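For reference, the chains in residue letters:
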Amino acid sequence: QVQLVESGGGLVQAGGSLRLSCAASERTFRAYNMGWFRQAPGKEREFVAAVGWSGGNTYYSDSVKGRFTISRDNIKNTLYLQMNSLKPEDTAVYYCAINRENFGSSDQTHFGSWGPGTQVTVSS
């Protein structure tokens, strides 16, 4: 089973940028549609962005559209999330996961093989 590990989180000022990475343990990664979610303290985990297996199709939550970009490198077995113009409300633990249902879903119950997460903190 593919294992995922996120990295790249940290503390950044509002308006700054971070790039998150999600490394997959197996080459079968390239066959999966993938997604990013986040969970802020006291809140439920929410969808952020997703990408198809080839990297050609993407979709985003309204809250990050235009600021975040999801991408992947199927040679390096790695998923990315470029986050620009960060806001304090982007503060959360960010998770990557495999979409095990239809591409286009933002329902976290359709995703699996969750990584342990990486903390992103945006100061005002």
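Coordinates for the structure precede this section.
Values in this document were obtained by computation on a predicted structure and should not be read as measured data.

The rules we used
- Residues numbered from 1 in each chain as written.
- Predicted model: local features only at pLDDT ≥ 70, side-chain atom pairs only at ≥ 80, totals over all residues.
- Heavy atoms only, no water.
- Helix = DSSP H or I, 4+ residues; strand = E, 2+ residues; numbered from the N terminus.
- Buried < 20%, exposed > 50% of the residue type's maximum accessible area, 1.4 Å probe, protein only.
- Contact = heavy atoms within 4.5 Å.
- Core = buried A, V, L, I, M, F, W, Y, C linked by side-chain atoms within 4.5 Å.

Colleague: Please explain the side chain of Asn 77 as it appears in this structure.
Modeller: Mapped onto the fold, Asn 77 is located in the loop between strand 7 (68–73) and strand 8 (78–83). Here Asn 77 falls in the buried class, since its relative accessible area comes to 11%. Setting aside anything within four residues of it in sequence, one finds Asn 77 in contact with Cys 22, Ala 23, Ala 24, Glu 26, Arg 27, Phe 29 and Arg 30.

Colleague: What is the right way to look at the nonpolar core in this model?
Modeller: When a protein is soluble and globular, its nonpolar side chains tend to lie buried together. Trp 36, Leu 79, Leu 81, Met 83 and Tyr 94 are the most contacted members of the largest nonpolar core, which has 28 residues in total. Of all the secondary structure elements, the ones that give two or more residues to this core are strand 3 (18–24), strand 4 (33–39), strand 5 (46–51), strand 7, strand 8, strand 9 (92–99) and strand 11 (118–123). Aside from chain neighbours lying at most four places away, what touches Tyr 94 is Glu 6, Leu 20, Trp 36, Phe 37, Arg 38, Val 48, Phe 68, Leu 81, Met 83, Gly 117, Thr 118 and Val 120. Within the second largest apolar cluster, six residues are counted, among which are Ala 50, Tyr 59, Ala 97 and Phe 111.

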